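# Summary of the model geometry
Okay, here's what each chain looks like letter by letter:
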Amino acid sequence: MAKIELKNVTMDYGKGIKGLDNVDLTINDHEFLVLLGPSGCGKSTMLRVIAGLLHQTDGQVLFDDQDVTGLDARERNVSMVFQNYALYPHLNVFKNIAFPLGNIKKITKEEITARVEEVAKVLDIEDILNRRPRELSGGQRQRVALGRAMVRNPVVFLFDEPLSNLDTAMRQELREVIADLHRRLNTTFVYVTHDQAEAMQLGDRVAVMDEGKIIQLGNPQEVYNEPNCVYSAGFVGSPKMNFFASRFIKKEANWAVKIMGNEFGIPTGRIPFPGDDPAVSDGGRVISGIRPEDLRLEPVEGAADVSFAANVVKTVPMGAGLHAELETNGTHFMAVFQNHTDVAAGSEVTLHVDPATIHLFDPETEKTLIRYQH
C-alpha cells in the first residue's frame with residue numbers, strides 16, 4: 001500500500017509536444033483515483049510514469065515519500081492491467097496467474113498454488129484454471145489478467161482502460177468486480193479511462209485531464225455538480241452540458257443573466273460581487289451552462305422557477321428517458337426528459353429551469369464564475 005506523489009512531472013517529446021506538463025498530484029494511500037479524459041490527453045502517459053515503464057524528462061515520482069524516479073517497473077512493486085489482456089496463449093489460466101511469482105526467490109510450489117487458488121476464488125474463476133486463453137470469453141480473460149496482477153500483492157494497482165474491449169453488460173459486471181477488489185484489498189488503485197460512467201462509478205476522486213494537465217480534481221459529484229471550467233463541464237455529463245452566449249443584467253439589488261432572449265435571476269452568492277472579477281458587469285458577456293437533465297417539463301417545486309418556450313427538433317428514446325434536441329430563437333440545445341415519451345418532433349414545449357442549476361463561466365478564461373455556497 002502506498003501514497004503516490006508526482007512533483008512537477010513533465011514528459012517532453014520535443015518540438016513543443018508534451019505528454020505531461022508540470023503535473024503535481026498526490027494519490028492517497030488506499031485511494032481509488034480515476035484519470036479521465038479523451039485520447040491523447042496524457043492519462044496513459046501518467047500511468048506509465050507511475051509504473052516506471054516511462055521515465056519523465058523532469059520532476060519526481062515518490063512512493064510513501066521515497067523517490068522512485070530512477071527505479072524501473074520491476075523495482076516499484078506495482079501491477080498493471082491492460083486493455084488487451086496480455087495473456088500467454090500456450091499457458092493455462094493457473095500458469096498465467098502464477099507467472100509473476102516465478103521471479104520471486106524462496107517461494108514454494110505450495111505457496112504458489114495457495115496464492116493462485118485464493119485469487120481465483122475471489123474472482124470466481126476457480127472452475128477455469130485448466131483452460132487456455134483461447135477457450136475463454138473476453139470477460140473471463142480480463143478476470144485472469146486481474147488475477148495475475150493480484151497474485152503478487154503489489155503496493156499499487158494500475159489499470160489502463162481495462163474494459164474497453166468488452167460489451168456493455170460485461171463492462172458493468174467487471175466494474176463491480178474491480179470496485180469489490182478495491183474494497184477487499186484496501187490498497188491504492190489508479191485507473192485510466194475515457195468513459196465517464198466508469199469514472200463516476202469507480203473513483204473516490206476523478207482527475208479530468210487535457211493536453212497533459214489535470215484540469216479538475218475532486219470526488220465524482222464535485223466534478224459533475226461543480227465544474228471549474230468549460231472543458232470539465234463539457235466533458236463530464238451525457239449528453240454534455242449546453243453552453244449559451246449570454247449577458248449579465250443588473251436588476252436593482254440583484255443580478256440576472258440573459259440566455260436565448262430569456263432572463264434568469266441569479267440566486268445570491270452564485271457569482272462574485274462586481275469588482276471581484278472583471279467579467280462581471282452590467283451587459284458583460286458570460287457563458288451560461290445548463291445540463292440537459294436540468295431542463296424540465298414541469299415547474300420546479302420550491303425554487304425560483306423560470307419558464308420559456310422551445311420547439312422540439314427531434315427526439316431519441318433512451319429507455320426510461322427521452323433525449324430531445326430543442327430550438328429557441330435559433331439556438332439548438334439538448335434536454336433529457338424522464339418518462340415523457342409523448343414529446344414529439346415538431347411540437348412546442350414549455351421548459352422550466354431552476355436558476356440555481358445554471359453554471360456561469362468567464363468567456364475569456366473559460367473558468368467558472370460561480371462562488372459555491374456549502
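Read on for a plain summary of the structure. Predicted model only: the values in this text are computed from it and were never measured. (Residues numbered from 1 in each chain as written. Predicted model: local features only at pLDDT ≥ 70, side-chain atom pairs only at ≥ 80, totals over all residues. Heavy atoms only, no water.)

## A few points about the pattern of salt bridges
Applying the stated criterion across every chain, the model contains 15 salt bridges. We note a salt bridge from Glu161 to Lys43, for which the minimum N-O separation is 3.8 Å. Of this pair, Glu161 sits in the loop between strand 7 (156-160) and helix 5 (168-185) while Lys43 is found in helix 1 (residues 43-51), placing the two residues 118 residues apart along the sequence. Accessibility assignment for this pair places Glu161 and Lys43 in one class, buried. Residue Glu198 is joined to Arg175 by a salt bridge in which the shortest nitrogen-to-oxygen separation is 4.0 Å. Linking Glu198 in helix 6 (residues 196-202) with Arg175 in helix 5, this pair joins segments that are 23 residues apart in sequence. Accessibility expressed as a relative area gives 4% for Glu198, which makes it buried. Bridged by salt links that share partners, the residues Lys3, Glu5 and Asp65 form one connected network. (Salt bridge = Lys/Arg side-chain N within 4 Å of Asp/Glu carboxyl O. Helix = DSSP H or I, 4+ residues; strand = E, 2+ residues; numbered from the N terminus. Buried < 20%, exposed > 50% of the residue type's maximum accessible area, 1.4 Å probe, protein only.)

## Some words on the sheet that holds strand 10 (residues 213-218)
If you walk across this open sheet you meet the six strands as 6-7-8-3-9-10, and the pairing is mixed. Across the chains shown, the open sheet's two edge strands, defined by having one partner strand only, are strand 6 (78-81) and strand 10. Direction aside, neighbouring strands of the sheet carry axes that sit 20 degrees apart on average. As paired elements, strand 9 (residues 205-210) and strand 10 share five bridges and run antiparallel to each other. When the bridges of strand 10 are listed, Ala207 appears paired with Leu217. The sheet contacts of helix 4 (residues 138-150) involve strand 6 and strand 7, and relative to strand 6 the element is tilted by about 175 degrees. (Pairing = 2+ DSSP bridges. Axes fitted to C-alpha atoms, helices over the stretch in contact; angles between N-to-C directions. Contact = heavy atoms within 4.5 Å.)

## Focus on the side chain of Arg205
Structurally, Arg205 is set in strand 9. Reaching out from Arg205, the side chain makes a polar contact with the backbone oxygen of Thr26 at a distance of 2.7 Å. Setting aside chain neighbours within four positions, we find Arg205 in contact with Thr26, Ile27, Asn28, Glu31, Phe32, Leu33, Val34, Leu217, Gly218 and Asn219. (Polar contact = N/O pair within 3.5 Å; in protein donor to acceptor, adjacent residues only side chain to side chain.)

## Re helix 1
Taking burial as the measure, the nine residues of helix 1 include seven buried ones, the bulk of the element. Among all positions in helix 1, only Lys43, Thr45, Met46, Leu47, Val49, Ile50 and Ala51 are buried. Just downstream of helix 1, Gly52 is the residue with a positive phi angle, here 90 degrees.

## Observations concerning the pairing of strand 12 (residues 254-259)
Pairing analysis gives five bridges linking strand 11 (residues 242-251) to strand 12, with the strands arranged antiparallel. Note on strand 12: the bridge partner recorded for Phe248 is Val257. The antiparallel hairpin formed by strand 11 and strand 12 contains two residues in its connecting segment, where Glu252 sits at a positive phi of about 55 degrees. The turn joining strand 12 and strand 13 (residues 262-266), which pair antiparallel and follow one another in sequence, is formed by two residues; a positive phi near 50 degrees is taken by Met260.

## Description of the nonpolar core
Within the largest apolar cluster, 43 residues are counted, with the highest numbers of intra-cluster contacts made by Ile97, Leu123, Leu146, Phe159, Ile178 and Tyr191. The contacts of Ile178, once residues within four sequence positions are left out, are Phe32, Leu146, Phe159, Leu163, Phe189 and Tyr191. Core analysis: the second largest hydrophobic core is formed by 32 residues, Ala310, Ala324, Ala335 and Leu351 among them. (Core = buried A, V, L, I, M, F, W, Y, C linked by side-chain atoms within 4.5 Å.)

## Topic: helix 4
Look at helix 4: 18 Å from first C-alpha to last across 13 residues, which is about the 18 Å you get at 1.5 Å a residue. With 10 of 13 residues buried, helix 4 lies mostly within the body of the structure. Turning to helix 4, the residues buried within the fold contact strand 6, helix 2 (93-98), helix 3 (109-123), strand 7 and helix 5. (Expected span 1.5 Å × (residues − 1).)

## What about the state of the cysteines?
Enumeration according to the criterion identifies zero disulfides in this entry. Note on Cys41: no disulfide assigned, nearest cysteine sulfur contributed by Cys229 at a separation of 13 Å. Overall, Cys229 belongs to the buried group, its relative accessible area being 5%. (Disulfide = S-S within 2.5 Å.)

## Some words on the packing of aromatic side chains
Given two aromatic rings, their pairing is described by the distance between the two centres and the angle made by the two planes. With the rule as written, the count across this model stands at 13 aromatic pairs. A centroid spacing of 6.0 Å and a plane angle of 40 degrees characterise the contact between Phe32 and Tyr191, whose relative ring orientation is tilted. You can see Phe32 sitting in strand 3 (residues 32-36) and its partner Tyr191 sitting in strand 8 (residues 188-193), a full 159 residues away along the chain. Pair check on accessibility: Phe32 and Tyr191 agree, each one buried. (Phe/Tyr/Trp six-rings, centres within 6.5 Å; stacked < 30°, edge-to-face > 60°.)

## Examining the environment of Val300
Along the polypeptide, Val300 turns up in the loop between strand 14 (285-290) and strand 15 (306-318). Taking the relative accessible area as the measure of exposure, Val300 reaches 8% and is therefore buried. Val300 sits 52 residues away from His352 along the chain, and the two C-alpha atoms are 6.7 Å apart.

## Considerations on the packing of helix 4 against helix 5
Where helix 4 contacts helix 5, the two axes come as close as 11 Å, and the packing angle between them is 15 degrees. In terms of their interaxial angle, helix 4 and helix 5 are classed as roughly parallel. Where helix 4 crosses over helix 5, the two elements pack in a sense that is right-handed. Contacts from Gly139, Gln142, Arg143, Leu146 and Met150 of helix 4 reach helix 5 at Met170, Glu173, Leu174, Val177, Ile178, Leu181 and Leu185. Of the residues belonging to the contact of helix 4 with helix 5, the class tally is eight nonpolar, two polar and two charged. (Parallel < 35°, antiparallel > 145°, perpendicular 65-115°, else oblique. Left-handed = near helix turned anticlockwise from the far one by under 90°. Nonpolar A, V, L, I, M, F, W, Y, C, P; charged D, E, K, R; others polar.)

None of this, on its own, says anything about what the molecule does.
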